Amino acid sequence: MNNAAEPLVLEYAVEGMDFARAGDAASAIRKACVKLGLTANDVRRVAVIAYEAELNIVIHAWKGTLRALIFSGRVELVAEDSGPGIPDIEQAMVEGFSTAPHHVREMGFGAGMGLNNIQRHADHLTIESAENVGTVLRAVVILGTS
Amino acid sequence: MNRYFHSVTLDADKCKGCTNCIKHCPTEAIRVRDGKAVIKEERCIDCGECIRICPNHAKVAVTDDLELLTRFRHTIALPAPAFMGQFGPDALPDRILGALLSLGFDEVFEVALAAEAVTYAFRRVIDSGRARRPPISAACPAVVRLLQVRFPSLLEHLIRVESPMELAARMAKRQATAGGAFRPAEVGAFFITPCPAKVTAIKQPVGTHTSSVDGAISLVAAYGEVRKLLDSGSSLPLRATGPGLGWGRAGGEAMAVGSGTLLSVDGIHSVIKVLEEVERGRLEEIDFIEAQACVGGCIGGPLVVQNPFVARVRLRNLANRYWESQSVFSEAQLDQEYTQGLWNMVRPIGPRPVMRLDDDVQRAIDKMKLVEETLEQLPGLDCGSCGAPSCRALAEDIARQDAADTDCIFILRERVQELAEGVVDLASKLPPAIRAGQKKDGEPE
């Protein structure tokens, strides 16, 4: 039977450069949050982080997964990809810093705001990355905080 | 009074229990039960998608009858801008408005006039730079209700100015009662509506406590009567100008507002996509969002007569012809009324969390786990035979204990097969005594 301490886990595969489906995983996670009765503000925070994390995989990585672990007091979003990795995470966190290719920027993505946006909306954020292996991003939203 | 008023209702006699409507509802508010569609009242936003899609015309919009006019000493018609786009080029606007008088109204106040005032208010809100970006028009009541149900975090983006319909009623009544000619209770204002959402906005308003509009006459009904009376000789000069008239079609609000980065989106499913973008904080460069539930805007409403694409070009021509006309409002008057806050919504618009699985987050999480488990057992065809719009919706209904897994015909068939196989299996098993006897009989000597 369901164990209350076990989170609800929603997991979605995300493909690099698949802009046609970019945002679908974040949409599904957002929808679940609405159905779980999260507050408007919590829904928005989760939606923003999930979308930016998903887009990061689409833009930069080869492929990956986006997972939402939903507990009654917090939501953990884990974006795990295999890809080029982030050589300098500190630099990547600088507002406006972007390594997105030109054609991606032309689509209106990759303005170098993604990680900032995630940081702004998360209560905790950790990023682990290995060059040419991939990146694991974990963002935690404590429910009910602003 | 019922907790919920809905204009959109079911004509059970006409409903065949097909699955067209359930699959088009943006809030998954419809199920088929006992061969008939059932609307979950708390979820319905009266957008009218089901009215449009129903092949049997079993979904209807409840509107008011023209007989309601007899209850008032002085009656005012409030034609929606979309109404003017229903007629051909030979029907002059003055004649259309005149025909409304012949129909029995004592006065006509064009909603397009109030749309000019609302446009002014939008402009002021945008220019103030104080609005939550991007500000969203609250003119379409179905969009407002969609926000309450599915995008509660965006409610603070709504521009808290009443709709042109509501303002038109207030302005018209103020004029009619000025000087004591009539007491407020003697004046009745009737909106000629292209959609059910407006009817609900009158009967159960969200931004105000009581609507100043006393009734909603279906545009279809009014059109038929007005057509017959076009040659009645009655004529009333059109007072609205192009920007207000243009509100009847998608893009009209933005066009009236004029300059800036203005986004217009129409069709409820497209609106949802844009709202998702807004929530992600991706559209902060936008100065204003006009969002209309119906494709084409109000001329695409479920209660219109004319093909919306034809109505669009007619309304555009009409708006162009009167674009530069002199407005009845002076800049000073608009400024004064806006500054006094006369047009503001007075009631907060709160979320309506009707989509949630449970009031308690932990219990909702447990139910959602059950949904995900159930979903793996379901075929994923979204066939609708169970009466729910999708396998996921059925799984949620099961978690809410509103449905059973055997409502799925594929699971039911599987169970029947298992049972049948079990019966066959059992049939071959006989007690030893009989088995022995049978063996004797059956065995060749």
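Residues numbered from 1 in each chain as written. Chains lettered and ligands numbered in written order. Predicted model: local features only at pLDDT ≥ 70, side-chain atom pairs only at ≥ 80, totals over all residues.

1. Some remarks on the overall build of chain A
Turning to step 1, where the next piece is worked out: Secondary structure summary: chain A contains five helices and five strands in total.
Turning to step 2, where the next piece is worked out: From first element to last, N terminus to C terminus, chain A shows the α and β order β-α-α-β-β-α-α-α-β-β.
Turning to step 3, where the next piece is worked out: Computed over the C-alpha atoms, the radius of gyration of chain A is 15 Å, within 12% of the 15 Å expected from 2.2 N^0.38 for a compact globule of 146 residues.
Turning to step 4, where the next piece is worked out: Each principal axis of the C-alpha atoms in chain A carries an extent, and together these give about 45 × 30 × 25 Å.
Turning to step 5, where the next piece is worked out: Put simply, chain A has 146 residues, and 40% of those count as buried.
Turning to step 6, where the next piece is worked out: Within chain A, contacts between residues at least 6 apart in sequence are counted, and of these 60% link residues at least 24 apart. (Helix = DSSP H or I, 4+ residues; strand = E, 2+ residues; numbered from the N terminus. Rg over C-alpha atoms; globule rule 2.2 N^0.38 Å. Buried ≥ 20, exposed ≤ 12 C-beta atoms within 10 Å, placed from the backbone. Contact = placed C-beta atoms within 7 Å.)

2. Regarding the sheet that holds strand S8 (residues 215-218) of chain B
All names here are of chain B.
Turning to step 1, where the next piece is worked out: Ordered by their spatial adjacency, four strands build an open sheet running S6-S5-S7-S8, and the pairing between neighbours is parallel. Looking along the sheet, the strands with just one partner apiece sit at the ends: strand S6 (107-108) and S8.
Turning to step 2, where the next piece is worked out: With two bridges connecting them, strand S5 (residues 74-79) and S6 associate as parallel partners. For Ile-76, the partnering residue across the bridge sits in S6 and is Glu-107.
Turning to step 3, where the next piece is worked out: Each of strand S7 (187-193) and S8 touches helix H8 (residues 196-203); the most contacted strand, S7, lies at about 155° to it. (Pairing = 2+ DSSP bridges. Axes fitted to C-alpha atoms, helices over the stretch in contact; angles between N-to-C directions.)

3. Some remarks on the sheet that holds strand S1 (residues 8-15) of chain A
All names here are of chain A.
Turning to step 1, where the next piece is worked out: The strand order across the open sheet formed by five strands is S1-S2-S3-S5-S4, and the pairing between neighbours is antiparallel. Each having just a single partner strand, S1 and strand S4 (124-130) make up the two edges of the open sheet. Across the sheet, the mean angle separating the axes of adjacent strands is 10° when strand polarity is ignored.
Turning to step 2, where the next piece is worked out: Here helix H1 (residues 24-35) sits on the sheet and contacts S1 and strand S2 (63-70); the angle it forms with S1, its principal contact strand, is near 165°.

4. Overview of the nonpolar core
Turning to step 1, where the next piece is worked out: Membership of the largest hydrophobic core comes to 170 residues, with the highest contact counts inside it found for Leu-36, Ile-49 and Ala-50 of chain A together with Ile-76, Leu-78 and Ala-168 of chain B.
Turning to step 2, where the next piece is worked out: Residues contacting Ile-49 of chain A, with those up to four places away along its chain left out, are Leu-77, Ile-118, His-121, Ala-122, Ala-139 and Val-141 of chain A. (Core = buried A, V, L, I, M, F, W, Y, C linked by C-beta atoms within 7 Å.)

5. Overview of the packing of helix H15 (residues 361-377) of chain B against helix H16 (residues 391-399) of chain B
Residue and element names in this part refer to chain B.
Turning to step 1, where the next piece is worked out: For the pair H15 and H16, the least separation of the axes is 8 Å and the interaxial angle reads 135°. One way to sum up the angle between H15 and H16 is to call them oblique. Between H15 and H16 the crossing geometry is right-handed. Seen from H15, the contacting residues are Lys-367, Leu-370, Val-371, Thr-374 and Leu-375; seen from H16, they are Cys-391, Arg-392, Ala-395, Glu-396, Ile-398 and Ala-399.
Turning to step 2, where the next piece is worked out: Among the residues forming the contact of H15 with H16, the class breakdown is seven nonpolar, one polar and three charged. (Parallel < 35°, antiparallel > 145°, perpendicular 65-115°, else oblique. Left-handed = near helix turned anticlockwise from the far one by under 90°. Nonpolar A, V, L, I, M, F, W, Y, C, P; charged D, E, K, R; others polar.)

6. Quick word on the pairing of S2 of chain A
Residue and element names in this part refer to chain A.
Turning to step 1, where the next piece is worked out: Here S1 pairs with S2 via eight bridges, running antiparallel. Bridged to Ala-13 within S2 is Thr-65.
Turning to step 2, where the next piece is worked out: In this sheet, strand S3 (residues 74-82) lies alongside S2 in antiparallel orientation, the contact comprising eight bridges. From the neighbouring strand, Lys-63 faces S3, where its bridge partner is Ser-82.
Turning to step 3, where the next piece is worked out: Counted along the chain from S2 to the antiparallel partner S3, the turn is three residues long.

7. Notes on the interface of chain B and chain A
Turning to step 1, where the next piece is worked out: Tallying the contact residues gives 21 residues for chain B and 19 residues for chain A.
Turning to step 2, where the next piece is worked out: Looking at the side of chain B that touches chain A, the elements with two or more residues in it are helix H12 (268-279) and H15 of chain B.
Turning to step 3, where the next piece is worked out: A total of seven residues in the side of chain B that touches chain A trace back to one element, the largest contributor, which is H15 of chain B.
Turning to step 4, where the next piece is worked out: When the residues that make up the side of chain B that touches chain A are grouped by side-chain class, the tally is nine nonpolar, three polar and nine charged.

8. Some details on helix H5 (residues 111-128) of chain B
Residue and element names in this part refer to chain B.
Turning to step 1, where the next piece is worked out: The first and last C-alpha atoms of H5 sit 26 Å apart over 18 residues, in line with the 26 Å expected at 1.5 Å per residue.
Turning to step 2, where the next piece is worked out: Where burial is concerned, most of H5 is hidden: 14 out of the 18 residues are buried.
Turning to step 3, where the next piece is worked out: Trailing H5 by a residue or two, Gly-129 shows a phi angle of about 70°, which is positive. (Expected span 1.5 Å × (residues − 1).)

9. Description of the confidence of the model for chain B
Turning to step 1, where the next piece is worked out: Summary statistics for chain B give a mean pLDDT of 94 and a share of 97% for residues scoring 70 or more.
Turning to step 2, where the next piece is worked out: Across the whole predicted complex the pTM is 0.92, and at the interface the ipTM reaches 0.90. (pLDDT = per-residue confidence, 0-100.)

10. Structural notes on the environment of Leu-381 of chain B
Turning to step 1, where the next piece is worked out: Residue position: Leu-381 of chain B is located in the loop between H15 and H16.
Turning to step 2, where the next piece is worked out: The exposure class of Leu-381 of chain B is exposed, given the 12 C-beta atoms found within 10 Å.

11. A few points about helix H9 (residues 219-229) of chain B
Residues spaced three or four apart along an α-helix face the same direction, because each turn holds 3.6 residues.
Residues and elements named next belong to chain B.
Turning to step 1, where the next piece is worked out: Those residues of H9 that sit buried are Leu-219, Ala-222 and Val-226. Within H9, the buried residues cover an arc of 65° as seen down the axis, which keeps them to one side. The exposed set on the far side of H9, more than 90 degrees from its buried face, consists of Gly-224 and Lys-228.
Turning to step 2, where the next piece is worked out: Against helix H3 (81-84), helix H4 (93-102), S7 and S8 lie the buried residues of H9. (Arc of directions from axis to C-beta.)

12. Digging into unusual backbone geometry
Residues and elements named next belong to chain B.
Turning to step 1, where the next piece is worked out: Cis rather than trans, the peptide bond between Arg-133 and Pro-134 has omega equal to -10°.
Turning to step 2, where the next piece is worked out: Positive phi values are uncommon outside glycine, yet Asp-34 reaches one of about 50°.
Turning to step 3, where the next piece is worked out: Turning to its location among the elements, Asp-34 is positioned in the loop between strand S2 (30-33) and strand S3 (36-39).
Turning to step 4, where the next piece is worked out: Here His-57, not a glycine, exhibits a phi torsion of approximately 55°, which is positive.
Turning to step 5, where the next piece is worked out: Look at His-57 and you get exposed, because 10 C-beta atoms sit within 10 Å.

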